[in-house]
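# Close look at the chain arrangement
Below, each chain spelled out in residue letters.
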Amino acid sequence: MEEKKRHAKGVEEFEGYGADPVPAEGQSLDWSDRLFLDVYPEDRRKHKFWPENPKSFRSSACSLYTSTARTCQR
């Protein structure tokens, strides 16, 4: 829980860890949490939202993005 709090998104931010915004009137609630990160372009990455645990998270996320981008370019 401490790791989640460390990377929590603010009220005005979309990026980070937390729940989706409160739905509009009449929409059902979605009780899931999420971690949303900008990955590309690299200069848009806000590393304050990138978890430090597990230690491999950052390199794994970047590798996943790179392989996905290569696949999409084919």
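Refer to the preceding data block for the structure.
To start, this report covers the structure provided alongside it. Source: prediction; values computed, not measured.

The biggest cluster of nonpolar side chains holds five residues, and these are Leu 37, Val 39, Phe 49, Trp 50 and Ala 61. Once residues within four sequence positions are removed from consideration, Phe 49 is found in contact with His 7, Ala 8, Lys 9, Glu 13, Glu 15, Gly 16, Leu 35 and Leu 37.

Before going further, it helps to examine the side chain of Glu 15. As for its position among the elements, Glu 15 is in the loop between α1 (2-6) and β1 (16-19). The class of Glu 15 is buried, set by a relative accessible area of 4%. Setting aside anything within four residues of it in sequence, one finds Glu 15 in contact with Lys 9, Phe 36, Leu 37, Asp 38, Arg 44, Lys 46 and Phe 49.

Enumeration according to the criterion identifies two aromatic pairs in this entry. Aromatic side chains Tyr 40 and Tyr 65 sit 5.5 Å apart centroid to centroid with 15° between the ring planes, which places their arrangement in the stacked category. Taken together, the residues Tyr 40 in the loop between β2 (33-36) and α2 (57-73) and Tyr 65 in helix α2 connect sequence positions 25 residues apart. Given a relative accessible area of 28%, Tyr 65 falls into the partly exposed group. When the ring of Trp 50 is compared with that of Phe 57, the centres are 6.2 Å apart and the planes differ by 70°; the resulting orientation is edge-to-face.

Relative to the assigned elements, Arg 44 resides in the loop between β2 and α2. With sequence-adjacent residues up to four places away left out, Arg 44 is seen in contact with Glu 15 and Asp 38. There is a polar contact of 3.3 Å between the side chain of Arg 44 and the side chain of Asp 38.

This part is about the pattern of salt bridges. Across all of its chains, the model carries two salt bridges by this definition. Of the charged contacts, one joins Glu 15 and Lys 46 as a salt bridge, the two residues approaching to 3.8 Å between their closest N and O atoms. Residue Glu 15 is found in the loop between α1 and β1, and its partner Lys 46 is found in the loop between β2 and α2; the two are separated by 31 residues along the sequence. Between Asp 38 and Arg 44 there is a salt bridge; the shortest N-O distance is 3.3 Å.

Cut-offs and rules
Residues numbered from 1 in each chain as written. Predicted model: local features only at pLDDT ≥ 70, side-chain atom pairs only at ≥ 80, totals over all residues. Heavy atoms only, no water. Core = buried A, V, L, I, M, F, W, Y, C linked by side-chain atoms within 4.5 Å. Buried < 20%, exposed > 50% of the residue type's maximum accessible area, 1.4 Å probe, protein only. Contact = heavy atoms within 4.5 Å. Helix = DSSP H or I, 4+ residues; strand = E, 2+ residues; numbered from the N terminus. Phe/Tyr/Trp six-rings, centres within 6.5 Å; stacked < 30°, edge-to-face > 60°. Polar contact = N/O pair within 3.5 Å; in protein donor to acceptor, adjacent residues only side chain to side chain. Salt bridge = Lys/Arg side-chain N within 4 Å of Asp/Glu carboxyl O.

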